[in-house]
Amino acid sequence: MDELRRQIADRLTGEEKILECSGTALIRSNLAVEVFPRIFAQKDNDGLIPLASLEYVGDGVFRIGELLLYAHPYFRRSLSRLNNANDELLKSLLKAQETVAVKIALDTDMVGLASTFIPKLEHEYWWGPMFDDELISMVPGVTRHCANERDKLFHAINWTDFFWYSRDGEHTFEAEELRDIPSFGYGDDLYGCRYVHSIIDEASGIVKHFDGAVKEYTEEQMIMRLDVDLSRAERDAKYTKLWRLDGHISVPLWKEIITHHFRDNHLVGEYLGGRENNPRVASTLVLERTEGDNTVGQLVRSSVPDVVPRVPFEGTGPRIAVSFRPVHETPHLRTIIPLETWNTENSSIEIIESDTVEIIKILKRGNSSIELSPGSKFYIVEDLYTNFPLIYHKDPNTMKTTILAFQELVSIWNESADDRVININLSFESGAHAVCISLLGHIRDLQPILEVLFNACDSMAEGDYSWCTRIADFLDQSYPESVDIPHLQDLWTSNGRLCIKRKLVDYTRYNFELATDGSMKYKMEIPKSEESLGRAITSGSLRVCWAGWYTSKCSKCGGEYSYCGCSKYFDDNTHEVMTTMHPVGFFWTDRLA
């Protein structure tokens, strides 16, 4: 950082902020324009710069002497500088400049140091569409392709409009993706939607113009845009052009660029007739790998029907998700925020799983304060899965103590050889956002990663996300290459966190009846068409567990266990004695407590 400051000392005002973006960088409004005046003097009316005047080094970064200049932040995932650049799109634009004139938008605010450049690797699988090269044969009109639930969840895409029309001997194409979730790079109330525009000469069939942009909608504009198709949409959205090609553009290159511009949007290839063309991607999911007569890795419990939670198996490593959320307004250093609710006919109750009580006890024994969200209620599930609530912290240093508490609890469970899978959710404030870290895995896989996360807290300064790389490196070095089992969407939630998803027993389907004597005995009828379910229950590999409200006493002090200072795990001759149980639901489980 000292070297970067020395290189551009005459341009510094003291308002610059540090950002790690494929290298060490400083950011301030118009900083890059001031440092590279000759580069930005070439901009056209759309603010685009000739690509031929730049030396691309990768990951959306250009080298200018000993400094780095960056592509516009809208080239990055979620339109944010914190994410990876669309490297494949930029490489395609570089290839295009061999035959046509190419211009792109640059980041006017950020400057980096060339000696610190480290390219980021991204292993998102993607494929190019294979369709008819006769673009002028495309029928005029609007076609809308809607996203499936997975793409809505992971890529926030609702649908994509494709619009062809003819005018004055030109066949024009427009495409725009729509979303109903604000873009992270914008804040909480702006929606960035990717868009392309192209002109094909009808006489020759030659693509002579092609540009890509991001349209920026306010919430009100987005609501209105979602109500109409592209042909009837108002042209009042703010428009940021990212790249432009002029000349004789080949159709294969046109297809390549449009595919990469709409990275993660599979609807584009679907519309243009794309088909799977990658032999590495299997058409069916392989649940077990075998070598000779030996099964390699216990990837599935083949005897258990698909009604139990889909979670990583011991030894395959934990799953970790990092997301950015709005800051939670609280005066407390540490606050428990429920992530689950139990809905009844008359109310909705925020609920917290009972194992959270042990984390509270550990923290209070260490004289660390923790606040419980008002109105929340503890509930119990009779299995060895736990979704812990979000524990929100004012700063990373406070979070270190919470991580230590989880380390203590996980360690005692491991000493008992428990076959537990848990989900831990932690969050800390970092500038204008809260960073949320969600971990999910078997407790024997979580114990080492908690130590890594604890040590990483010291480097969690605002704008410094190098700790993410350290955690990723640890996972790479500690675990074999993972088969995607379970699929990420089986663990992911729409708020960016991971979750163990239990499945309720369908009372009507199985004529489920609970005993009336106050015990937890039940009876149910399994249809003949579901013999595998009946066999799993008979063998004991599948059980039914209850969930609900409870009260309990401490065997040592006689007080209410949830609020006394004793612990059944850490104190001798101490037990939690259930005094009342009120089941409100029953789940399938393969890990009965």
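Placed above this text is the structure.
In this text, all values refer to a predicted model and were calculated from it rather than measured experimentally.

(A) Inspection of the sheet that holds strand β3 (residues 49-50) at higher detail. If you walk across this open sheet you meet the 8 strands as β3-β7-β14-β13-β12-β11-β10-β9, and the pairing is antiparallel. Whereas interior strands pair on both sides, the edge strands pair on one side only; in this sheet they are β3 and β9 (141-146). Across 9 bridges, strand β10 (residues 159-167) lies against strand β11 (residues 170-178) in antiparallel orientation. Directly across from F162, in β11, lies its bridge partner A175. This element, helix α6 (residues 219-226), spans β9, β10, β11, β12 (190-201) and β13 (207-218) of the sheet and lies at about 125° to β13.

(B) Structural view of the sheet that holds strand β17 (residues 319-326). Taken in spatial order, the 6 strands make up an open sheet running β17-β25-β24-β23-β18-β21, and their pairing is mixed. The open sheet is flanked by β17 and β21 (371-372), the only strands paired with a single partner. Judged from the 7 bridges that link them, strand β23 (residues 385-393) and strand β24 (residues 421-430) form a sheet pairing that is parallel. Bridging from a neighbouring strand, H393 pairs with F428 of β24.

(C) Representation of the pattern of salt bridges in the model. For the coordinates displayed, the defined rule picks out 34 salt bridges. A salt bridge links D46 to K241; the shortest N-O distance between them is 3.2 Å. With D46 in the loop between α3 (37-40) and β3 and K241 in strand β14 (residues 238-249), this residue pair connects regions lying 195 residues apart in the sequence. Note on K241: relative accessible area 12%, which makes it buried. The network of salt bridges with common partners includes R144, D161, E176, K215 and R225.

(D) Broad picture of the side chain of H209. Looking at the secondary structure, you find H209 in strand β13. On the accessibility criterion, H209 (9% relative accessible area) is buried. A distance of 2.6 Å separates polar atoms of two side chains, one belonging to H209 and the other to D211. Among the polar contacts listed, one links the side chain of H209 to the side chain of D246, at a separation of 2.9 Å. With residues near it in sequence (within four places) discarded, H209 still touches H197, S198, I199, R244, L245, D246 and I249.

(E) Here's a closer look at the packing of aromatic side chains. The final tally for this structure, using the stated rule, is 15 aromatic pairs. Here the aromatic rings of F163 and Y165 are separated by 4.8 Å at their centres, their planes lie at 35°, and the arrangement is tilted. An identical accessibility class is assigned to F163 and Y165; each is buried. Grouping aromatic residues by their ring pairs yields a cluster made of W164, F173, F210, W243 and W254. Taking NZ or CZ as reference, K215 lies 4.3 Å from the ring centre of Y195, over its face. Looking at K361, its charged tip hangs above the ring of Y561, at a distance of 4.2 Å from the centre.

(F) Molecular detail of the nonpolar core. In this structure, I437, M460, W467 and W588 are the most contacted members of the largest nonpolar core, which totals 58 residues. Aside from chain neighbours lying at most four places away, what touches I437 is I320, A321, M399, I424, N425, L426, F428, L453, M460 and W467. Grouped together as the second largest cluster of nonpolar side chains are 55 residues, L48, F75, F162 and I249 included.

(G) Quick peek at unusual backbone geometry. Located in the positive-phi region is S78, a residue other than glycine, with phi close to 60°. What makes S78 partly exposed here is its relative accessible area of 36%. Unlike most non-glycine residues, D168 shows phi in positive territory, near 55°. Note on placement: D168 falls in the loop between β10 and β11. You can call D168 exposed: its relative accessible area is 76%.

(H) Here's a closer look at the environment of W342. With respect to the helices and strands, W342 occurs in strand β19 (residues 340-343). Among the residues examined, W342 registers a relative accessible area of 17% and is labelled buried. A sequence separation of 242 residues divides W342 from V584, and the C-alpha atoms of the two residues are 9.1 Å apart. Excluding residues within four positions of it along the chain, W342 makes contact with S347, S348, I349, I351, W549, V584, G585 and F587.

(I) Here's a closer look at the environment of G65. Checked against the element boundaries, G65 lands in the loop between β5 (61-64) and β6 (67-71). The class of G65 is exposed, set by a relative accessible area of 52%. Sequence separation between G65 and L113 is 48 residues; the distance between their C-alpha atoms is 9.5 Å.

(J) The packing of helix α4 (residues 87-96) against helix α7 (residues 251-261), seen in detail. Packing of α4 against α7 leaves a shortest axis separation of 8 Å and a crossing angle of 155°. Judged by the inter-axis angle, α4 sits roughly antiparallel to α7. As for the relative orientation of α4 and α7, their crossing is left-handed in sense. Side by side, α4 and α7 meet where E88, L89, S92, L93, K95 and A96 of the first sit next to L253, E256, I257, H260 and H261 of the second.

(K) Structural detail: the pairing of strand β4 (residues 55-58). Examined bridge by bridge, β4 and β5 share 3 bridges and lie antiparallel to one another. From the neighbouring strand, E55 faces β5, where its bridge partner is R63. Once β4 ends, the chain turns through 2 residues before running back antiparallel as β5, passing D59 with a positive phi of about 55°.

(L) Structural context of the state of the cysteines. In this structure the tally under the stated criterion is 0 disulfides. Sulfur of C554: no disulfide; nearest cysteine sulfur belongs to C557 and is 3.8 Å away.

(M) Broad picture of the pairing of β19. Where β19 meets strand β20 (residues 348-353), 4 bridges bridge the pair, whose relative direction is antiparallel. Paired with E340 across the strands is I351, a residue of β20. In this structure, the hairpin formed by β19 and β20 is closed by a connection of 4 residues.

Criteria and thresholds
- Residues numbered from 1 in each chain as written.
- Predicted model: local features only at pLDDT ≥ 70, side-chain atom pairs only at ≥ 80, totals over all residues.
- Heavy atoms only, no water.
- Pairing = 2+ DSSP bridges.
- Helix = DSSP H or I, 4+ residues; strand = E, 2+ residues; numbered from the N terminus.
- Contact = heavy atoms within 4.5 Å.
- Axes fitted to C-alpha atoms, helices over the stretch in contact; angles between N-to-C directions.
- Salt bridge = Lys/Arg side-chain N within 4 Å of Asp/Glu carboxyl O.
- Buried < 20%, exposed > 50% of the residue type's maximum accessible area, 1.4 Å probe, protein only.
- Polar contact = N/O pair within 3.5 Å; in protein donor to acceptor, adjacent residues only side chain to side chain.
- Phe/Tyr/Trp six-rings, centres within 6.5 Å; stacked < 30°, edge-to-face > 60°.
- Lys NZ or Arg CZ within 6 Å of the ring centre and 35° of its normal.
- Core = buried A, V, L, I, M, F, W, Y, C linked by side-chain atoms within 4.5 Å.
- Parallel < 35°, antiparallel > 145°, perpendicular 65-115°, else oblique.
- Left-handed = near helix turned anticlockwise from the far one by under 90°.
- Disulfide = S-S within 2.5 Å.

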